[in-house]
Amino acid sequence: GKVSVQFLRCGDAFGSGGRLQTCTYVNAGAIQFFLDCGASSMSAAKRWGINPNSVNAILLTHLHGDHFGGLPFFILDAQLVSKRTQPLSVAGPTGTEARIRSAQEVLFPGSSQVQQRYSIDYFEWIDGRRTQVAGLMVTPYQVVHASGAPPYALRIECEGKVIAYSGDTEWTDALISVAHGADLFICEAYCFDKQMKYHLDYRTLIAHRDALGCKRLMLTHMSDDLLRRLEDVEVEYAEDGKRVIL
């Protein structure tokens, strides 16, 4: 079947280039899901006409606000506005449920205690273990990015396609396992050639391009340093709203 991947938001934590915080929407027909859910994700979903109730699962790579900060808003919208009734699956690192509940309390006091009209099923990643989440098969691979809980890159099988996503990380050979043979590898390229701890630069990524073995590579989570050099980039890169069909 056809799988549509839309970058609702592809920015970094700082809004570089006016891009908003990370959220990718995947529509595989029977199943629809978000890859990460940055703080501005509800605005993004509504701007692109996506009904939040159609989202079956939210898959989180790591627990930084620009990757999971949209959850308190999503959960509140589901209860008060979208009137969700079907279950929502949320998968992420160890401690995901507690971190989301803490964020709910900080942002909307009392909201984490409300009994929702729909169930939220939480799953925790275990490095290298293929896990079923809402009908998807997801294999998490631990990467290198300090975020208070283990960070992961994700390899997702849906409708006969494989989508790989780096999350945030410096170079690690785990990315080869994640990306190998994938129909699409969505990969962070934070800087052009400046090497930063916990982040990946374009030059390093391209040096490993052949080893990755993915069919298609798409850069995301770019800082101003890389955005200024886009004319020197020789692979595809995400833009807010950009959609690709696999």
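Here's a quick rundown of the structure. (Residues numbered from 1 in each chain as written. Predicted model: local features only at pLDDT ≥ 70, side-chain atom pairs only at ≥ 80, totals over all residues. Heavy atoms only, no water.)

### Section: the overall build of the chain
The helix and strand tally for the chain stands at eight helices and 14 strands. A compact globule built from 246 residues would reach a C-alpha radius of gyration of about 18 Å, and the chain, at 17 Å, matches this within 12%. Taking the principal axes of its C-alpha atoms as reference, the chain extends roughly 50 × 35 × 30 Å. Looking at the chain residue by residue over its 246 residues, the buried ones come to 57%. Accessible surface, the chain: about 9900 Å² in total, of which carbon and sulfur atoms supply 50%. (Helix = DSSP H or I, 4+ residues; strand = E, 2+ residues; numbered from the N terminus. Rg over C-alpha atoms; globule rule 2.2 N^0.38 Å. Buried < 20%, exposed > 50% of the residue type's maximum accessible area, 1.4 Å probe, protein only. Areas by Shrake-Rupley, 256 points an atom, 1.4 Å probe, with all protein chains shown as cover.)

### Side note on the environment of Lys 215
Within the secondary structure layout, Lys 215 lies in the loop between helix H7 (209-212) and strand E12 (217-220). What makes Lys 215 exposed here is its relative accessible area of 60%. Not counting chain neighbours up to four residues away, the residues in contact with Lys 215 comprise Gly 181, Ala 182, Asp 183 and Arg 209. There is a polar contact of 3.3 Å between the side chain of Lys 215 and the side chain of Asp 183. (Contact = heavy atoms within 4.5 Å. Polar contact = N/O pair within 3.5 Å; in protein donor to acceptor, adjacent residues only side chain to side chain.)

### Concerning the sheet that holds strand E8 (residues 136-142)
Spatially, E7-E8-E9-E10-E11-E12-E13 is the arrangement adopted by the seven strands of the open sheet, whose pairing is mixed. Where the open sheet ends on each side, the last strands, each with one partner, are strand E7 (131-133) and strand E13 (236-237). Pairing analysis gives six bridges linking E8 to strand E9 (residues 152-158), with the strands arranged antiparallel. Following the sheet pairing, Val 138 is matched in E9 by Ile 156. (Pairing = 2+ DSSP bridges.)

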